[in-house]
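# Architecture at a glance
Each chain, letter by letter, is given below.
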Amino acid sequence: MRIALIEYRYYADSTEDFYTEQLRNLVSRRILVTNQAVNNIDAKTVVLNHTNQGKDIGAKLIGIDFLIKTNEEFDVLVMVHDKKSLHSPLGNYWGRELKKIVGDAYLPVFIKAMKKRNVGICCASNYIKSEFDKPSGKFNTVNNDILFELIQKYKLRPSPSFEFVAGTIFGCKWAPIKVFFINNPPLQIRKTLERGNVQDNRKGSYTHSWERMLSWVITSGGYSVKGI
Amino acid sequence: MIVYDKLYIESHCLGHFKRLYGVKDEIVELVRMSCIPDLAVWLTKVAGSDTSYKFSIIFDITPSYENIEWLVRFSFLPGYSKDNDRIRCFAAPGENRWLKEGLEAQGYSNVEIISPPESGCVTLGLVHGYIFQSAGSSLPDLVVTGMEAPVEQIQEIVPVFSKSEMRTAIEKINRQNKQMENNLRLANTELENYKQFLKVALQEKETEKILAFYHKEYEVLPLWFKRLGHVVKIVTGHRPLRLKR
């Protein structure tokens, strides 16, 4: 199984090391998106810089764009970032939970799940969310209008429950990502994302909408979401 | 002599320049996009290159969305000479708004498009190019667009100093200054010691003189005369009378 890892490191004091020995042995290409100084880069790692646009989604789009343009083939794409969610007191807990899929304890389970033909996404089970309210036909979020706009624009057909991975730390099949982003260039999408530390507390944002869209790009291909 | 901050050198001059002037930290290779045969291959190559390699791009191809996207893609490489959200790109003079907008749309807050001046190119010995200075920058940047003459003409080289070379030179002078200050302090201390010695030596001579005078004027007198002198002092009230018990 050829695995590509897109790792976004934003914080200067980030001490987490997602890239464990076990993961290192499995990954065939690692894209590290960061503006921080990086040491001990192995031959599999490519470092890319970023601007402060689109938060972790913007950085992940830079990584996806690089993988597509350099035309390497993979089976699975794993996306992680040094999530802190400073706006929430539960930020650290969220981060730890979400990142467990790349930890040594759960990695074998993750690999096993990703080998299944129908599984499109594998993530921490607590973070599979659905905001769609069937009776009203609306998303129960301030991003509702933007989500409808994007679904229509990109002609997505997600599962009826509109499940997505909150936090955007997950592993997924590479093929649907590649097909979608070849037709819809990641840097064109990135242009539409907001600058700076945008929040979606009061007003919807394209950045937070793409957090949901990234999952739907995969589930639109008929794949399921597996929680571990 | 010219002192610069960054040194941009077009790819075709880079080897020649390094042979003449040596490798400098501030060298940024200026790559013409039209000279990159396969953009994807170049992207992969530069992404895996040494971290010390710095480059910038001369955007001299059709300003299509796709080509501007390639420029943006290159700009995300750590080797692209930039300062976080501040970025610089080179292009022919003219309407470069699309280029600026293309970079700004990806989050660069300060985009500077540099074009060679229509007049005002400089020749410094064997080097042809131009100088420009950004707003708020303390030193100008030098762009080398061409070099001439064979390597043997090294004697014609105009001294060109980078910031780091200037820093090294200043540090050397500072070190020498400190050493000289130290030497001066030691010399002053030694001089002070000599003065003290001289003072003491002179005082000793004076003491000897006084002692000699005392001996000559008083010590040689007979004992009865000295005792009579004491009696006179008591009588005149210059000394109290103390009787031994």
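Residues numbered from 1 in each chain as written. Chains lettered and ligands numbered in written order. Predicted model: local features only at pLDDT ≥ 70, side-chain atom pairs only at ≥ 80, totals over all residues. Heavy atoms only, no water.

Turning to the nonpolar core, a few remarks are in order. What tends to happen in soluble globular proteins is that the nonpolar side chains get buried as a cluster. Core analysis: the biggest nonpolar cluster contains 96 residues, and Leu77 and Phe110 of chain A together with Phe74 of chain B have the highest contact counts within it. Top contributing element to this core by residue count: helix H2 (residues 55-69) of chain A, with 8 residues. The contacts of Leu77 of chain A, once residues within four sequence positions are left out, are Ala4, Ile6, Ile64, Leu67, Phe170, Gly171, Cys172, Trp174 and Ile177 of chain A. Counting residues in hydrophobic clusters, the runner-up holds 15 residues, among them Leu7, Cys13, Leu14 and Val144 of chain B. (Core = buried A, V, L, I, M, F, W, Y, C linked by side-chain atoms within 4.5 Å. Buried < 20%, exposed > 50% of the residue type's maximum accessible area, 1.4 Å probe, protein only. Helix = DSSP H or I, 4+ residues; strand = E, 2+ residues; numbered from the N terminus. Contact = heavy atoms within 4.5 Å.)

Residues and elements named next belong to chain B. Mapped onto the secondary structure, Ile61 falls in the loop between strand S4 (55-59) and helix H3 (65-75). Judged by relative accessible area, Ile61 falls into the partly exposed class, the value being 23%. For the pair formed by Ile61 and Lys209, sequence separation is 148 residues and the distance between their alpha carbons is 101 Å. Discounting chain neighbours no more than four positions away, the residues touching Ile61 are Met33, Ser34 and Asn67.

All names here are of chain A. A sheet is described by the order of its strands in space; here 7 strands give the open sequence S3-S2-S1-S4-S10-S5-S11, paired in mixed fashion. The strands lining the two open edges of the sheet, one partner per strand, are strand S3 (45-48) and strand S11 (224-227). Sheet twist, expressed as the average angle between the axes of neighbouring strands with direction ignored, equals 20 degrees. As judged from the 7 bridges shared by strand S1 (residues 3-9) and strand S2 (residues 27-34), these two strands associate in the parallel manner. For Ile6, the partnering residue across the bridge sits in S2 and is Ile31. (Pairing = 2+ DSSP bridges. Axes fitted to C-alpha atoms, helices over the stretch in contact; angles between N-to-C directions.)

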